[in-house]
Structures are given as structure tokens and as C-alpha cells.
Amino acid sequence: MELECYKIYDIAPEIRPGRRDREWMNAHPQRFPYRCLPLTMANSTGWEILCPFDIKLVWNGGPRKEDLALFSRERPDAVASFADSHFTRGIVTFHTGHLFRTQPGWGLIAMGAPNFVKDGIAPLTGLIETDWLPFPFTMNWQMTRPGEVTFEKGEPFCFIVPIEHHKIEGIEPERKALRSNPELMKDYHNWAQSRGKFNAKLESMDEEAIKAGWQRHYMRGQTQEGEKVT
């Protein structure tokens, strides 16, 4: 699958692979959140579009376009071409500077970088049919309360993930009792017992368990029995 990123102008925001690190994850003792593989995988599964310069958003809580002010220390002259208050009511619209093209049936999810937390503002998510649209999309953020929010230069303001959305429309979730799949139920109970025993050892201050810190089967791509998952 190809993802073509056409710069509309000679200069456009940088696009780079998603990064696994997050400041809030680094701040935890022993970087504990990184033990959750789904978090770190989500962080880096896609591409970041980066702010070309710092931009400060100031919203007084009002519904008008004029109630949201945008400033930049570095490039005050370029603010208007990068961001505005198109939807009003404290919504900030960022321009990606690119026209994206995907293969037939594929589109792009545009959202905030996964697990990238900013106080006072929340990313809005869009699905774009980049297999045929001849124009670019924008990335929007909703201010959650009156106040100020700053995006620094090099900070991701958009995160894109290709998705074969036409096929998703044909998926019908089917709920089943776990006991209807004996093999899967056996694997689940093996995991639950192993996890319970390990946590009990941690609580009892077992030296080996404390040294290990956590079970690494998932991180290693192994079953509870140590078999490699292909």
C-alpha cells in the first residue's frame, strides 16, 4: 500500500513516523506504562504531522470566531496560513499543507497522536477518503475550557493512520460465549492462572518475582507456555 503526500506549497509541515515515547509515560517510576505493549504500539503505528513553529491558542469561552486568538513567538506572520477558527466555538483548525492519496478502498484516519495528552484541549478525529478526494483535509482540536494552550515547534498536531474503511463497513461483530471455543478458553484460563500466581508472588515480596517486575510473554510474542507466536 502506498501513501502519497503531495506538498501543496514548497514548504509544508514535516511528516515523520510516530514515536513510542510520551512525557507522562517517562515520568512514571521505572517507566511503568511502557510495560503495556498496546500503548507503545499505538504510539508508533502511524505518522505524525509536526507544528512548523510554536503557536499559542487563547480562548475566552465565547462562540464567535473572534473569541479565539492565535499567536506565535517565532512566526507571527505565518499563523493565519497554518491555523484559524473555522468552526468557531473554541475549535482550532490546523492545515496539514499536504494533499494525501491512497489506493482504492483505503482512507486516512486523522486524529491526535495516540496517548498524547494536552490539558485544556482535545483532538477531533476524522476519516478522509483519500483514494479520490482532490483537496486536502484539516486537523481540528476543541478547546475544553477558556484559557491558553500552546503547541511547541516540532510537536505533533495531527496523526494519520491508513485504514481500509470499505472492508470495515462489511464487518459484523458476533458475540459468543467463551466456552463455545474450548481451545481459546483453555488458553485464557492458563493465562489467568499464571497471572494470578505471579501477582501473588509480588504481593508476598517473592525475590524472583520482584526482580522480574512483570511477565513478559506478550512483549516477547510468546504464549504462557513459552511458545513463539507466528
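A short tour of the structure in this document, coming up. (Residues numbered from 1 in each chain as written. Predicted model: local features only at pLDDT ≥ 70, side-chain atom pairs only at ≥ 80, totals over all residues. Heavy atoms only, no water.)

1. What about the side chain of Lys118?
Turning to step 1, where the next piece is worked out: In this fold, Lys118 is placed in the loop between strand E9 (107-111) and strand E10 (121-123).
Turning to step 2, where the next piece is worked out: Looking at Lys118, the relative accessible area reads 16%, which means it is buried.
Turning to step 3, where the next piece is worked out: Separated by 2.9 Å, the side chain of Lys118 and the backbone oxygen of Thr150 make a polar contact.
Turning to step 4, where the next piece is worked out: A polar side-chain atom of Lys118 sits 2.7 Å from a polar atom in the side chain of Glu155.
Turning to step 5, where the next piece is worked out: Sequence-distant contacts of Lys118, that is, excluding residues within four places in its chain, are made with Trp141, Val149, Thr150, Phe151 and Glu155. (Helix = DSSP H or I, 4+ residues; strand = E, 2+ residues; numbered from the N terminus. Buried < 20%, exposed > 50% of the residue type's maximum accessible area, 1.4 Å probe, protein only. Polar contact = N/O pair within 3.5 Å; in protein donor to acceptor, adjacent residues only side chain to side chain. Contact = heavy atoms within 4.5 Å.)

2. Regarding the nonpolar core
Turning to step 1, where the next piece is worked out: Core analysis: the biggest nonpolar cluster contains 29 residues, and Ile55, Leu57, Phe94, Phe151 and Phe157 have the highest contact counts within it.
Turning to step 2, where the next piece is worked out: When residues no more than four places from it in sequence are discounted, the contact partners of Phe151 are Cys51, Phe53, Asp54, Ile55, Leu57, Phe94, Lys118, Ile121, Trp141, Pro156 and Phe157.
Turning to step 3, where the next piece is worked out: Counting residues in hydrophobic clusters, the runner-up holds five residues, among them Ala113, Phe159, Val161 and Ile163. (Core = buried A, V, L, I, M, F, W, Y, C linked by side-chain atoms within 4.5 Å.)

3. A short note on the environment of Ile163
Turning to step 1, where the next piece is worked out: In this structure, Ile163 sits in strand E14 (residues 156-163).
Turning to step 2, where the next piece is worked out: Separated by 61 residues in sequence, Ile163 and Thr102 have C-alpha atoms that sit 9.6 Å apart.
Turning to step 3, where the next piece is worked out: Those residues in contact with Ile163, other than ones at most four positions away along the chain, are Gly105, Trp106, Gly107, Leu108, Ile109, Leu127 and Ile168.

4. Examining the sheet that holds strand E11 (residues 126-128)
Turning to step 1, where the next piece is worked out: Judged by pairing direction, the sheet is antiparallel, and its five strands sit side by side in the order E2-E3-E14-E9-E11 without closing on themselves. Edge positions in the sheet fall to strand E2 (15-17) and E11, since each of these pairs with one other strand and no more. Between one strand axis and the next, the sheet turns through 30° on average, direction left out of account. (Pairing = 2+ DSSP bridges. Axes fitted to C-alpha atoms, helices over the stretch in contact; angles between N-to-C directions.)

5. Here we look at the packing of aromatic side chains
Turning to step 1, where the next piece is worked out: Inspection of every chain in the model, using the stated rule, returns eight aromatic pairs.
Turning to step 2, where the next piece is worked out: Ring pairs connect the aromatic residues Phe53, Phe82, Phe94, Trp141, Phe151 and Phe157, which therefore count as one cluster.
Turning to step 3, where the next piece is worked out: Against the face of Phe151 rests Lys118, its NZ or CZ located 4.6 Å from the ring centre. (Phe/Tyr/Trp six-rings, centres within 6.5 Å; stacked < 30°, edge-to-face > 60°. Lys NZ or Arg CZ within 6 Å of the ring centre and 35° of its normal.)

Without other data, these values stay purely geometric and don't point to any function.
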